[in-house]
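Structural overview for review
Read off the chains here:
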Amino acid sequence: MKPEQLHFPGKHPDEVVIFIQRRHWSMLFGKMARWVILMALPIVVVLLLNATSGMFSISEDSVGGILMVLGGSLYLLIVWILLFQDWIDYYLDAIILTNGRIVHIEMRGVFSREVSQLALDRIQDVTIETKGMMSTLFGYGTITIESAGEQVNFIIKNVPEIEKIQSTILMYAKQAPRMGVDRQQPSDPAPSTQQAAPQKPPFIKGKP
Amino acid sequence: MQVPLALFLYVYLGIVFGIVVFSIISVTQALRFGLRSFAATLMSITYLVVIVVLLIVTWSAVRGVDWSSSFSIDLPGIAMSTSV
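Please read these numbers as outputs of a predicted model, since none were measured by experiment.

Taken residue by residue, the interface counts 30 residues in chain A and 35 residues in chain B. A buried area of about 3,000 Å², summed over both sides, lies between chain A and chain B, and 86% of it is on carbon and sulfur atoms. Linking chain A with chain B are 0 salt bridges, by the criterion used here. Counting across the interface, chain A meets chain B through 3 residue pairs in polar contact (both at pLDDT 80 or more). Among the elements that take part in the side of chain A that touches chain B, helix 2 (residues 63-92) of chain A stands out by supplying 19 residues, more than any other. Of the residues that constitute the side of chain A that touches chain B, the class distribution is 25 nonpolar, 3 polar and 2 charged.

Rendered as C-alpha cells:
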C-alpha cells in the first residue's frame, strides 16, 4: 500500500499522507528475541532434566505430567500474548507526516494510546540526535520537533533514517504557510490535493 | 492434603477463557488502529491460529484424564501446624 492511500484514525478526507515511519526494527527484534528465548527455556530445561535425571517424565497416568502439560500450556499462552502485545506496541507506534500536520501515535499498552499532532506551519525547528554505539551502527536516533507557541515539543525516539525524515519535515513545514494547510484554523480555505503536494518529496518511505 | 484434579482443570479453563477474550480484543485493536494493512492482518491471524493449535494440543494431551480423581500433597508445614 502506498502512503498516499493509507488511512489512519482521525484522517481528514482531503488529507494526503506523505510518509509513515515506525521505530527502528532493532527495537522490535530485541523484544521478540526475549520472548522467543522465554518460550524455548522451559522446553530446554525439561529436556535437560529428563535426559539427566529422568524426572519430569510425562505419562498419561501421572498427575505431575498432567499438571505440567496444563502449566506449560498456560505459560506458552501467556508468553505468546506478551509477544503479540510487544508487536502491537511496535506496529501501532508511528509518525505520520501528512500535507497538513505530523501525527505521532504512541501505544501505552493495548487499551491505552496517545495521539499527538502538530500543524506543519507551527514547526520551528527539527533536531536530530544519534547517541550511542547501537544507534550509530543501525542509523537510528531521536527527532525533536520544536513548535511555536505553547505547544509541547515532539520528541520521537529510535526512529530510523532521521536525516531524511528531518529534511522531509522541514521541506513540508517550509511550504505549509504558503499553502495554508493548517487544519487547526477553520477559517482557512481547504487546500486541494494538488496544492498540498506541489513537488516530489525527497523521501517517501513506509509500508503500512 | 487431598487436592481434586478438577480444581486445576477449572483454573486452567478460567485462564484460557480470559486469554481468548483478551486475544480477540487485542486483535480487534490491532486491526482497528493498525492502519488496516496486510501485515496487521497476517500477524493477527497467526496469533489466533497459534493459540487455537496450542489449546488443541493441550486438550488432546489431557483428554483421557479422570478429572474426578484427586491426589495428595505432602505439606510438612501444614501437617506440623495441625498436629500442634
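That covers the picture; the talk isn't over yet.
What follows covers a nonpolar patch on the surface. Residues and elements named next belong to chain A. A cluster of nonpolar side chains, namely Trp25, Phe29, Met133, Met134, Leu137 and Phe138, defines an oily patch on the protein surface of about 710 Å² accessible area. Broken down by secondary-structure element, the contributors of at least two residues to the nonpolar patch are helix 1 (25-52) and helix 3 (133-138). Per-element accounting of the nonpolar patch gives the leading share, 4 residues, to helix 3. Checked against the element boundaries, Phe138 lands in helix 3.

Residues and elements named next belong to chain A. Spatially, the 3 strands line up as an open sheet ordered 5-6-7, and their pairing is antiparallel. In this open sheet, the two strands that pair with only one neighbour each are strand 5 (123-129) and strand 7 (154-160). Across this sheet, the average inter-strand angle for adjacent strands is 20°, counted without regard to direction. Where strand 6 (residues 140-147) lies against strand 7, 5 bridges are found, and the strand directions are antiparallel. Paired with Ile145 across the two strands is Phe154, which belongs to strand 7.

Packing of helix 2 of chain A against helix 2 (residues 38-61) of chain B brings their axes to within 10 Å, and their N-to-C directions diverge by 175°. By the criterion of interaxial angle, the relationship of helix 2 of chain A to helix 2 of chain B is roughly antiparallel. Counting all contacts with helix 2 of chain A, which are made through Val69, Leu70, Ser73, Leu76, Leu77, Trp80, Ile81, Leu83, Phe84, Gln85, Trp87 and Tyr91 of chain A, the residues of helix 2 of chain B involved are Ala39, Ala40, Met43, Ser44, Thr46, Tyr47, Val50, Ile51, Leu54, Leu55, Thr58 and Ala61 of chain B. The residue makeup of the contact of helix 2 of chain A with helix 2 of chain B, split by class, is 19 nonpolar, 5 polar and no charged.

What follows deals with the nonpolar core. The tendency in soluble globular proteins is for nonpolar side chains to be buried side by side. If you look at the biggest cluster of nonpolar residues, it comprises 37 residues, and the most contacted ones within it are Phe84 and Trp87 of chain A together with Trp67 of chain B. In terms of residue count, the dominant contributor to this core is helix 2 of chain A (15 residues). In this view, Trp87 of chain A contacts Leu28 and Met32 of chain A together with Ala30, Ala39, Ala40 and Met43 of chain B; residues no more than four positions away in its chain are not counted. Among the nonpolar cores identified, the runner-up in size contains 21 residues, and Phe19, Leu97, Val159 and Met171 of chain A belong to it.

Residues and elements named next belong to chain B. Mean pLDDT for chain B: 80, with 81% of residues reaching 70 or above. Mean pLDDT values for the elements of chain B range from 51 in helix 3 (residues 76-83) up to 88 in helix 2. With pLDDT under 50 throughout, residues 80-84 is counted as low confidence; its partners more than four residues away or in other chains account for 0 contacts.

It is worth spelling out the packing of aromatic side chains at this point. Applying the stated criterion to the full structure yields 6 aromatic pairs over all chains. With centroids separated by 6.2 Å and ring planes inclined at 80°, the aromatic side chains of Trp25 of chain A and Phe29 of chain A adopt a geometry described as edge-to-face. Here Trp25 of chain A pairs with Phe29 of chain A, and both are found in helix 1, just 4 residues apart, close to one helical turn. For Phe29 of chain A, a relative accessible area of 55% translates into the label exposed. Ring plane angle 15° and centroid distance 3.7 Å describe the contact between Phe84 of chain A and Tyr47 of chain B, whose orientation is recorded as stacked.

This part takes up the sheet that holds strand 4 (residues 113-119) of chain A. Residues and elements named next belong to chain A. Spatially, 4 strands are ordered 1-2-3-4 in an open sheet, and the strand pairing comes out antiparallel. In the strand order of this sheet, the two ends are held by strand 1 (17-21) and strand 4, each with one partner. When strand polarity is set aside, the average angle formed by the axes of neighbouring strands in this sheet is 15°. Across 4 bridges, strand 2 (residues 94-98) lies against strand 3 (residues 101-107) in antiparallel orientation. Opposite Ile96, over in strand 3, you have Val103 as the bridge partner.

Rules used in this analysis
Residues numbered from 1 in each chain as written. Chains lettered and ligands numbered in written order. Predicted model: local features only at pLDDT ≥ 70, side-chain atom pairs only at ≥ 80, totals over all residues. Heavy atoms only, no water. Contact = heavy atoms within 4.5 Å. Buried area = accessible area lost by both parts, 1.4 Å probe. Salt bridge = Lys/Arg side-chain N within 4 Å of Asp/Glu carboxyl O. Polar contact = N/O pair within 3.5 Å; in protein donor to acceptor, adjacent residues only side chain to side chain. Helix = DSSP H or I, 4+ residues; strand = E, 2+ residues; numbered from the N terminus. Nonpolar A, V, L, I, M, F, W, Y, C, P; charged D, E, K, R; others polar. Patch = residues over 30% accessible without salt bridge, like charges linked within 9 Å, V, L, I, M, F, W, Y side chains within 5 Å. Areas by Shrake-Rupley, 256 points an atom, 1.4 Å probe, with all protein chains shown as cover. Pairing = 2+ DSSP bridges. Axes fitted to C-alpha atoms, helices over the stretch in contact; angles between N-to-C directions. Parallel < 35°, antiparallel > 145°, perpendicular 65-115°, else oblique. Core = buried A, V, L, I, M, F, W, Y, C linked by side-chain atoms within 4.5 Å. Buried < 20%, exposed > 50% of the residue type's maximum accessible area, 1.4 Å probe, protein only. pLDDT = per-residue confidence, 0-100. Phe/Tyr/Trp six-rings, centres within 6.5 Å; stacked < 30°, edge-to-face > 60°.

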